[in-house]
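Fold and geometry: a report
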Amino acid sequence: QVQLVESGGGLVQAGGSLRLSCAASGRTFSTYVMGWFRQAPGKEREFVAGIGSGAITWYADSVKGRFTISRDNAKNTLYLQMNSLKPEDTAVYYCAAGTVVTRTPAGFRSWGQGTQVTVSS
């Protein structure tokens with residue numbers, strides 16, 4: 001099972017940008033479907049973006065055009081570039097690894113510990 005560690009979260013003003021990273025262990029990172037999810041206090045974990053092993057991408061409507069998911073298989077690293085951030089983007093962001101193209105948390109087997117993103121107005 002792949003181990004995942006997120007980094008890059010922090011406090012940013014509305015309209016600003018952050019880039020999250022997710023470092024993965026193991027030699028099979030390139031074969032995984034990867035995803036970013038987020039969870040705000042009192043809310044369910046929600047899908048943000050996904051990327052397949054062949055680099056196809058899909059996004060939640062709420063972040064489309066503002067966030068970009070990418071991967072560097074040589075570095076075993078997943079990224080989430082977040083631009084034009086809004087206060088409603090405030091949440092703990094998690095990366096996840098799975099084997100199917102999906103938007104549901106249940107479709108992902110391995111999870112990182114999360115990184116906090118706070119957007120001030």
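Placed above this text is the structure.
Residues numbered from 1 in each chain as written. Predicted model: local features only at pLDDT ≥ 70, side-chain atom pairs only at ≥ 80, totals over all residues. Heavy atoms only, no water.

**Regarding the overall build of the protein**
Summing up its helical and strand segments, the protein has zero helices and 11 strands in all. Taking all 121 residues of the protein together, 47% fall into the buried category. Considering only intrachain contacts with a sequence separation of at least 6, the fraction spanning at least 24 residues in the protein is 57%. Total accessible area on the protein is roughly 6,000 Å²; 48% of this is exposed by carbon and sulfur atoms. Once the 12 positive and 7 negative side-chain charges of the protein are each reduced to a mean point, those two points are 6 Å apart. (Helix = DSSP H or I, 4+ residues; strand = E, 2+ residues; numbered from the N terminus. Buried < 20%, exposed > 50% of the residue type's maximum accessible area, 1.4 Å probe, protein only. Contact = heavy atoms within 4.5 Å. Areas by Shrake-Rupley, 256 points an atom, 1.4 Å probe, with all protein chains shown as cover. Lys, Arg positive; Asp, Glu negative; His and termini not counted. Charge placed at Lys NZ, Arg CZ, Asp CG, Glu CD.)

**Describing the pattern of salt bridges**
Counted by the stated rule, this structure contains four salt bridges. The shortest N-O distance in the salt bridge between Asp 89 and Arg 38 comes to 2.9 Å. Residue Asp 89 is found in the loop between β8 (77-82) and β9 (91-98), and its partner Arg 38 is found in strand β4 (residues 33-39); the two are separated by 51 residues along the sequence. By the burial criterion, Asp 89 is buried, and Arg 38 matches it. Residue Lys 64 pairs with Asp 61 through a salt bridge whose shortest N-O separation is 3.3 Å. Like Lys 64, the residue Asp 61 is exposed in the burial classification. A single network of salt bridges, built from pairs that share partners, joins Arg 38, Glu 46, Arg 66 and Asp 89. (Salt bridge = Lys/Arg side-chain N within 4 Å of Asp/Glu carboxyl O.)

**Comments concerning the sheet that holds β8**
To summarise the sheet geometry, strands pair through backbone hydrogen bonds and adopt either a parallel or an antiparallel arrangement. In space, the four strands of this open sheet follow the order β1-β3-β8-β7, with antiparallel pairing throughout. Where the open sheet ends on each side, the last strands, each with one partner, are β1 (4-7) and β7 (67-72). With strand direction ignored, the average angle separating the axes of adjacent strands in the sheet is 15 degrees. In terms of strand pairing, strand β3 (residues 18-24) meets β8 through six bridges, oriented antiparallel. If you follow Leu 20 over to β8, its bridge partner there is Leu 80. (Pairing = 2+ DSSP bridges. Axes fitted to C-alpha atoms, helices over the stretch in contact; angles between N-to-C directions.)

**Observations concerning the packing of aromatic side chains**
Two measures describe an aromatic ring pair: the distance that separates the ring centres and the angle between the ring planes. Evaluation of the coordinates by the stated rule reveals five aromatic pairs. With centroids separated by 5.7 Å and ring planes inclined at 75 degrees, the aromatic side chains of Phe 37 and Phe 47 adopt a geometry described as edge-to-face. Of the two residues, Phe 37 sits in strand β4 while Phe 47 sits in strand β5 (residues 46-51), which places them 10 residues apart along the sequence. Residue Phe 37 shares its accessibility class with Phe 47, and that shared class is buried. An angle of 65 degrees between the planes, with centres 6.4 Å apart, marks the rings of Phe 108 and Trp 111 as edge-to-face. Owing to a relative accessible area of 27%, Trp 111 belongs among the partly exposed residues under this scheme. Site record: aromatic cluster; members linked through ring pairs are Phe 37, Phe 47, Tyr 94, Phe 108 and Trp 111. Stacked on the ring of Trp 111, the Lys or Arg Arg 45 has its end atom at 4.8 Å from the ring centre. In this structure, Arg 71 is placed above the aromatic ring of Phe 29, and the distance from its NZ or CZ to the ring centre is 4.7 Å. (Phe/Tyr/Trp six-rings, centres within 6.5 Å; stacked < 30°, edge-to-face > 60°. Lys NZ or Arg CZ within 6 Å of the ring centre and 35° of its normal.)

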